[in-house]
Amino acid sequence: MKRRHLVRGWEIPSNEITSESIFLNRRDFMKATAWSVGTVALSACKETPAVVLPPDTLSETEKKIYPASLNPAYPLDAELTQEKIAGAYNNFFEFGESKENIQSNARNLSIRPWTLEVCGLVDKPEIYDIDKLLRSFPVEERTYRLRCVEAWAIAVPWTGFALRELLRRASPKSNATHVRFVSFYRPSQAMGQWAFWRPWPYTEALTLSEAMNELSFLATGIYGRPLPRQHGAPVRLAVPWKYGYKSAKSIVKIELVDYRPPTFWPMLNGLEYDFSANVNPEIPHPRWSQSQEKILGTGEVRDTRLYNGYEKFVADLYK
Ligand SMILES: Nc1nc2c(c(=O)[nH]1)N[C@H]1C(S)=C(S)[C@@H](COP(=O)(O)O)O[C@H]1N2
Ligand SMILES: [Mo]
């Protein structure tokens, strides 16, 4: 099917993209938001204050690990995005609709204690706290590009470890076909989760072979330090050949299953967001072209590359 491309993703104001994608008109949306903000404020008053570590307070394990040494196997074809730029323009719908406000809205998220459960079709289920996770796997730094489906892109140094190390340790059963990632569900800390029309918690999934690809990475840090909340502290996925929405943030559960699980964006709007979400300049989003992308910070416009430039690592998955 041939489509016309009148606007590019980055030319559409972000609130317009999201309000359209949730099938609500703007007035209903404003009402819902006003209502939910009020409710959050009330319920937050009743709660006992959570113990929140400032992001720059490192545990003993973290002090030993950060900064980790760079794995040179994944060189960039672009400059690294400045830390302040990448950390001030985020998609994290648990904390609202406007990318510029995620950084401050996410301050409420309590990231200690935090457990990551590995479960489902595995011989060795496990529950890790974050320090145990860091001690259990070979932590390294990798520079990866990240390409949002909205046609903006960054390049950042993640710290973390290969997802397949964790999966191997869990020992998947032979009938497991997909890996499911579940983000936290805490409306009292995340006002975006009062948006009742969205299928919270945020979930994502990969096929087991995608998850076992060497690129699939669980990130606990960025720019040589533990993740700040807006980037998905304390642990998030990084799958650089797929659109950014596959890289689920603030994960509490990794589950192996024998079916293709429903995921957040396709559930909201399956015509605009598909399950595989491989970066592809030839397949336009229904409302904009994917042939180019805008680099955050510099404003440079580049041609989109198939699999976001990671073809040599992942092309075998799709033969
Ligand atoms: N839990 C959760 N994970 C999420 C999202 C989200 O809204 N909630 N947004 C995704 C999208 S659309 C993108 S582009 C990336 C953005 O990651 P960054 O803010 O660290 O650059 O996070 C992804 N992971
Ligand atoms: Mo995105």
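Treat the numbers as computed from the prediction; the structure is a model and nothing was measured.

J.: Please explain the pairing of strand E4 (residues 152-162) as it appears in this structure.
T.: Within a regular strand, side chains alternate between the sheet's two faces. Here E4 lies mainly inside the structure; 11 of its 11 residues are buried. As defined by bridge partners, strand E3 (residues 140-147) adjoins E4 across 8 bridges and the pair is classed as antiparallel. Residue pairing in the sheet places Thr143 in a bridge with Pro157 of E4. Following E3, the chain reverses through 4 residues before pairing antiparallel with E4; Ala151 in that reversal takes a positive phi of roughly 80°. Summarising the sheet, E4 and strand E11 (residues 292-295) pair through 2 bridges and their orientation is parallel. Its bridge partner being in E11, Trp152 is matched across the sheet by Lys294. Two elements, E4 and strand E7 (residues 217-222), share 5 bridges in a ladder whose sense is antiparallel.

J.: I tried to follow the pairing of strand E2 (residues 126-129) on my own but got confused; where do I start?
T.: For strand E1 (residues 115-120) and E2, the ladder comprises 4 bridges, and the chain directions are antiparallel. The partner of Glu117 across the bridge, within E2, is Ile127. Where E1 hands over to E2, the hairpin turn is made up of 5 residues, counted between the paired strands.

J.: Explain empty space enclosed by the protein to me, please; I cannot follow it from the model alone.
T.: The method is simple in principle: a probe with the dimensions of a water molecule rolls over the atoms, and the space it marks as empty is what remains. A full pass over the atoms with the stated rule returns 3 cavities of 30 Å³ or more. What lines the largest cavity is a set of 26 residues, among which Asn91, Phe92, Gly244, Tyr245 and Lys249 lie closest to the centre. Examining the composition of the lining of the largest cavity, we find that 3 residues originate from one element, E4, more than from any other. Looking at side-chain class alone, the lining of the largest cavity contains 16 nonpolar, 6 polar and 4 charged residues. By volume, the second largest cavity amounts to about 60 Å³. Among the secondary structure elements, those contributing two or more residues to the lining of the second largest cavity are E3 and strand E9 (236-238). Considering only residue class, the lining of the second largest cavity consists of 8 nonpolar, 2 polar and 3 charged.

Each value, and the rule that gives it
Residues numbered from 1 in each chain as written. Chains lettered and ligands numbered in written order. Predicted model: local features only at pLDDT ≥ 70, side-chain atom pairs only at ≥ 80, totals over all residues. Heavy atoms only, no water. Buried < 20%, exposed > 50% of the residue type's maximum accessible area, 1.4 Å probe, protein only. Helix = DSSP H or I, 4+ residues; strand = E, 2+ residues; numbered from the N terminus. Pairing = 2+ DSSP bridges. 1 Å grid on protein atoms, 1.4 Å probe; cavity = no way out; pocket = protein on both sides within 12 Å on 5 of 7 lines; lining within 4 Å. Points joined across faces, edges and corners; volume = space filled by probe spheres on them. Nonpolar A, V, L, I, M, F, W, Y, C, P; charged D, E, K, R; others polar.

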